[in-house]
Each structure stands twice: as C-alpha cells, then as structure tokens.
Amino acid sequence: MIQIGLTGWGDHTSLYPDREAAANKLKTYNEWFETVELDSMFYAVQPLKNMQKWTDDTSSSFRFLVKAYQGMTGHSRGKIPFDSEEAMYQAFHLSLQTMLEAGKLEAVLFQYPPWFDCRREHVNALREARRRMGKVPCALEFRHRSWFEPEMRERTLRFMRDEGWIHSICDEPQTGIGCVPIVEETTHSELTVVRFHGRNEKGWQSSGQPNWREVRYLYRYSEAELTEWAQRLERLKAQSGKLCVIFNNNSGGDAADNGKQLMAMLGQLPPRGSFADVLPGREKPEQLNLF
C-alpha cells in the first residue's frame, strides 16, 4: 500500500479555492489526501485538545506522521522547557494518546539535524530515544552523510533493523556532508517513510539567511523525476507492507500538485474520487448579470 500526503495542511493554498474550504482546511485536505506530516509538534508539544480536534476532524482511514519535538532530536541546543528529559518524553507520549487510541498514528518521525553525525555518542542517543518511545512506531531520518558512507551504509541499516527503527528515505539536494543520498532500503516489514524535500541546492544551503524558510524547499518535481520515483516506490512496496510518502517541497506551493501528480501516476484517486477542482453538485451558483 502506498499512501501519499503533504507536510502540514495549512500552507497548500491550491487545495482551498473558496472561503468554505479555507475555513475547514483539515477536512478539505482529507478529501485529497489520507496522511499528513504533523510538523507543529516539532516546535511545541501540542495540547491534548488540539490532538483531539485533529483526530476527530479526519476520516477513520486517515493517518498522522507526527514529527518528534525538537528537544528530542537535539535541534534545540538550549534549555528545554521541561524539568527533565523524562518529563519531556512523558508530555510527548501524553500528547499522542488520542491518535493512538483512534488508530490514527502512523509513526513518530525522528529527523536528526545536519550536525548529528555517525559516532558512538549519537548511536547511544538513538538507542536511548528508541527505548523512551517504547512500543510507539518510530521512523528515523538522518541529515549527515556519514551514516550512509559506503563503509557505514550496511551497518547503519542493520542497526536500524535491530533497534526497530522505520527508515525515512529522503529525496533531497546533494550538497555535501549535510545531506544523505537516496538509500533504497527498508528496515521495517510494516512501514517505510519516503520524504520529498526537493532538489534546490542553493536554497538548501541558505540556513541562517533571513528568507531561508521561503527558499529551502522551493522546488517542483518534474514528470521524469516523479516517474523514476513511481518505479522506485513499486520496488519498495515489495519490501514493506505500507509506504507513507510525504511531499515537503512547500515553499512555492508545489507539494500539493506534485502529490496529486504522483498519485495519478500510481493509478490512485484521491478520497474525493476525482482530481477535478470542483466536484459535480458543488458548483457555486453564478451571480446574475442584471446590469
């Protein structure tokens, strides 16, 4: 099974052509896609009321890929707003409960920063993070090439399998040590995550610039690039029960279009049953031209 979605549901303006759709973004999003990356959890552990609302606003088949809080992956290198790491993980677990109980949690995505390189200290950190997460399914994504250098590639994959990590396979700019290549390998029999970050090499290196959030993921995948990926996904599907595919190329509004494009290539229809912008019966009445 291949399920396609986007990072977040708020920024994809092409999905919300009118006021009604914009006022009910998650429900409208769910008409197009049945999975989403919940990236707001990365910035703050979300209160239960938010998680409950999002759970209630989606169909029974909808799934959330929840991004791990930044204090859990070393992105927030200052003091965390919790009394201890234990308290941080407890709060995170509590926040997940409504989605877990509803069966809507796909996995928690641990995306580590570009400075998280392959060394014993960080291997131990991965073991500890996985232990703290218990039975919650967890996906792992690296941003430092050392994990997949030729001499480490198979050892890294074996470690992920042994520790129960789901592989998050990346398509991202190849700009040196602070990125990883496409590694077409699964590490979990039930789930594999694939994330499309775009191939904007210049934008990828814009961290620290005032507009870095606007340009980092500014990229539209071509038909040829998506065709190549459609073939790759079919191969990966044979190794893993489910593929959760996320388009993160949000900067220019390209994620939604590329997501729908790949869905069509794979012979899928969105939950609404059509790729038409307006479904039959939902047309807005035309205003009479009286003057």
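Preceding this paragraph is the structure being described.
Numbering of residues starts from 1 in every chain and runs along the sequence as written. Local features are withheld for residues below a pLDDT of 70 in this predicted model, meaning they are given only at 70 or higher, and side-chain atom pairs are given and counted only at 80 or more; totals for whole chains, interfaces and linings count all residues. To get the side-chain values, take all heavy atoms of the structure and skip hydrogens and water.

> Which parts of the structure should I look at to understand the overall build of the protein chain?
Along the backbone of the protein chain there are 12 helices and eight strands. In this setup the radius of gyration rests on C-alpha atoms only. A globule is expected at 2.2 Å times the number of residues raised to 0.38. For 291 residues, the compact-globule estimate of 2.2 N^0.38 gives 19 Å, and the protein chain sits close to it at 20 Å. With respect to the principal axes defined by its C-alpha atoms, the protein chain has extents near 75 × 45 × 40 Å. Per-residue accessibility, obtained with a 1.4 Å probe over protein chains only, is compared with the maximum for each type, and a residue is labelled buried under 20%, exposed over 50%, and partly exposed between these values. With 291 residues in all, the protein chain has 51% of them scored as buried. For the purposes of this entry, the term helix denotes a DSSP run of H or I that reaches at least four residues, the term strand denotes a run of E that reaches at least two, and both are numbered from the N terminus.

> Could you clarify how one ought to interpret helix H2 (residues 25-32) in this entry?
Spacing of three or four residues puts side chains on the same side of an α-helix, whose turn is 3.6 residues. Along H2, the positions that sit buried rather than exposed are Leu26, Thr28, Tyr29, Asn30 and Trp32. In this analysis, two residues are considered to be in contact whenever any of their non-hydrogen atoms come within 4.5 Å of each other. Tucked into the core, H2 has its buried residues touching strand S1 (2-7), helix H1 (19-23), strand S2 (35-38), helix H4 (48-56) and helix H12 (255-265).

> Would you mind going over the packing of aromatic side chains with me for this structure?
Aromatic ring pairs are described here by two measures, namely the spacing of the ring centres and the angle between the planes. Paired rings are identified among Phe, Tyr and Trp, the last through its six-membered ring, by centres lying within 6.5 Å, and are further divided according to the angle between planes into stacked (under 30 degrees), edge-to-face (over 60) and tilted (the rest). Scanning all chains against the criterion turns up 18 aromatic pairs. Measuring from centroid to centroid gives 5.4 Å for tyrosine 29 and phenylalanine 33, while their planes differ by 40 degrees, and the two rings are tilted. The burial state of tyrosine 29 is the same as that of phenylalanine 33; both residues are buried. A ring pair is formed by phenylalanine 196 and tyrosine 221, whose centres lie 5.2 Å apart and whose planes are at 80 degrees; its orientation type is edge-to-face. Taken together, the residues span a long stretch of sequence, with phenylalanine 196 in strand S7 (residues 191-196) and tyrosine 221 in the loop between helix H10 (212-215) and helix H11 (223-237) at a distance of 25 residues. Comparing phenylalanine 196 with tyrosine 221, the two get one shared label, buried. Seen from the ring of tryptophan 165, arginine 130 lies directly overhead, with NZ or CZ sitting 5.8 Å from the centre. Between arginine 232 and the ring centre of tryptophan 229, over which it is positioned, the NZ or CZ distance is 4.5 Å. Consider the ring centre and the ring normal. A charge sits over the ring if Lys NZ or Arg CZ is within 6 Å of that centre and within 35 degrees of that normal.

> Looking at this model, I keep getting lost on the sheet that holds strand S8 (residues 242-247). Mind explaining?
Pairing between the strands of a sheet comes from backbone hydrogen bonds, and it takes one of two forms, parallel or antiparallel. We treat two strands as partners when DSSP finds at least two bridges between them. Read around the barrel, eight strands follow the order S1-S2-S3-S4-S5-S6-S7-S8 and close on themselves; strand pairing throughout is parallel. The average undirected angle you get between the axes of adjacent strands in this sheet is 25 degrees. Angular values range over 0 to 180 degrees, each being the angle between N-to-C directions of two axes fitted as lines to C-alpha atoms, with helices fitted over their stretch in contact. Helix-sheet contacts for helix H8 (residues 153-163) involve strand S5 (138-141) and strand S6 (165-171), and the interaxial angle to S6 is about 140 degrees.

> How do you make sense of the pairing of S8 when you look at a structure like this?
On a regular strand, each side chain points to the face opposite its neighbour's, so the side chains alternate between the two faces of the sheet. Among the six residues in S8, six count as buried, and that is most of the element. On S8, burial covers both faces: Lys242, Cys244 and Ile246 on one face and Leu243, Val245 and Phe247 on the other are all buried. Pairing geometry for S1 and S8, over five bridges, is parallel. The residue of S8 that forms the bridge with glycine 5 is isoleucine 246. Looking at chain direction, S7 and S8 are connected through six bridges and run parallel. Its bridge partner lying in S8, leucine 191 is registered against lysine 242.

> Help me understand the environment of threonine 175 in this model?
Tracing the chain through its elements places threonine 175 in the loop between S6 and S7. The class of threonine 175 is partly exposed, set by a relative accessible area of 23%. For the pair threonine 175 and glutamine 205, spaced 30 residues apart in sequence, the C-alpha to C-alpha distance is 7.8 Å. If we skip the residues at most four places from it in the chain, threonine 175 touches Glu201, Trp204 and Gln205.

> What is the right way to read the pattern of salt bridges from this model?
Side chains that differ in charge, positive against negative, can pair when their charged atoms come close. Take a side-chain nitrogen of Lys or Arg and a carboxyl oxygen of Asp or Glu: if they are within 4 Å of each other, that pair is a salt bridge. Inspection of every chain in the model, using the stated rule, returns 24 salt bridges. A salt bridge links arginine 132 to glutamate 128; the nearest nitrogen and oxygen atoms lie 3.2 Å apart. Of this pair, arginine 132 and glutamate 128 are both found in helix H7 (residues 120-133), four residues apart, which corresponds to roughly one turn of the helix. Residue classification places glutamate 128 among the partly exposed positions, given a relative accessible area of 28%. Note that glutamate 172 and arginine 143 form a salt bridge whose closest N and O atoms lie 3.4 Å from each other. Here the residue glutamate 172 occupies a position in the loop between S6 and S7, and arginine 143 occupies one in the loop between S5 and H8, the gap between them amounting to 29 residues. Residue classification places glutamate 172 among the buried positions, given a relative accessible area of 4%. Residue arginine 143 is classed as buried on the basis of its relative accessible area of 3%. Each of the salt bridges in this network shares a partner with another, and the network as a whole consists of Glu37, Glu141, Arg143, Glu172 and Arg195.

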